[in-house]
Amino acid sequence: MMPVVVFTLEGREISIQRERKNESTTLLAVYIDGYIKGQWSLPDREGFDPIVEKVWCKKTSRLYSHQKKKKLEKKFGKRRLREILPSVDAESFYYLPHFGSSRTLIGQYKKLDGLKIVTIGYNNSRMPLEKTEVKDAPAANA
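In what follows, the accompanying structure is described.

What counts, and at which threshold
Residues numbered from 1 in each chain as written. Predicted model: local features only at pLDDT ≥ 70, side-chain atom pairs only at ≥ 80, totals over all residues. Heavy atoms only, no water. Helix = DSSP H or I, 4+ residues; strand = E, 2+ residues; numbered from the N terminus. Contact = heavy atoms within 4.5 Å. Salt bridge = Lys/Arg side-chain N within 4 Å of Asp/Glu carboxyl O. Buried < 20%, exposed > 50% of the residue type's maximum accessible area, 1.4 Å probe, protein only. Polar contact = N/O pair within 3.5 Å; in protein donor to acceptor, adjacent residues only side chain to side chain.

## So, the overall build of the protein
Reasoning step 1: Across its full length, the protein carries four helices and eight strands.
Reasoning step 2: When the helices and strands of the protein are read in sequence order from the N terminus, they spell out β-β-β-α-β-α-α-β-β-α-β-β.
Reasoning step 3: The long-range share in the protein, meaning contacts at least 24 apart out of those at least 6 apart in sequence, stands at 54%.

## Brief notes about the pattern of salt bridges
A side chain with one charge may pair with a side chain of the opposite charge, provided their charged atoms come close.
Reasoning step 1: For the coordinates displayed, the defined rule picks out nine salt bridges.
Reasoning step 2: Residue R12 is joined to D33 by a salt bridge in which the shortest nitrogen-to-oxygen separation is 2.6 Å. One end of the pair, R12, is in strand β2 (residues 12-20); the other, D33, is in the loop between β3 (26-32) and α1 (52-55), with 21 residues separating them in the sequence.
Reasoning step 3: A salt bridge links D49 to R12; the nearest nitrogen and oxygen atoms lie 2.7 Å apart. In this pair, D49 sits in the loop between β3 and α1 while R12 sits in strand β2, placing the two residues 37 residues apart along the sequence.
Reasoning step 4: Counted as one network, the salt bridges with shared partners bring together K69, K70, E73, R82 and D89.

## Structural notes on the side chain of S41
Reasoning step 1: Note on placement: S41 falls in the loop between β3 and α1.
Reasoning step 2: Residue S41 is classed as buried on the basis of its relative accessible area of 19%.
Reasoning step 3: A polar contact of 2.8 Å, which involves the side chain of S41, links it to the backbone oxygen of G38.
Reasoning step 4: Once residues lying within four places of it in the same chain are set aside, the contact partners of S41 are W56, Y94 and Y95.

Put into C-alpha cells, the structure is as follows:
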C-alpha cells in the first residue's frame, strides 16, 4: 500500500503518490489531473503545461562538464575558448515528474500560493479531509 496525497492548485488536481523506482528504492510521483505526460517535461516542446514549472522537479544540465571545461580552458585559454565555443557555459533544463526525497518536494510546495490539500489516504481508500477525524486513544487501565 502506497500513500497518496491530493492537492488542488489553480483548479487542477495534483496527486502525489509514493511509487517504486526499483526493488529497493521509492520516489514521489506527481500526477497532474491523473496523468504524467512526457511532452510536459521540456518547456520548448509543443503541448507544454505551465503548471509543471510549479509542481514538478526542475533539473539542469550543462552542455560541458566541469572537468571538460577546465581541460578546454587549459588548452585554449579562457578568452580564446569563449571565442571558439560561446556556448561553453550554456545550461539546459527539464522537469521530472518525480522527487527523490520528500524534503525537496516539501520545500518546493511550501512556496506555492493557493495550494490546498483535498485528500490523504492510500491507493483505493482515499478519504476526504472533511470526513477524517482523529479519535482519542483508549485510556489505559492503571
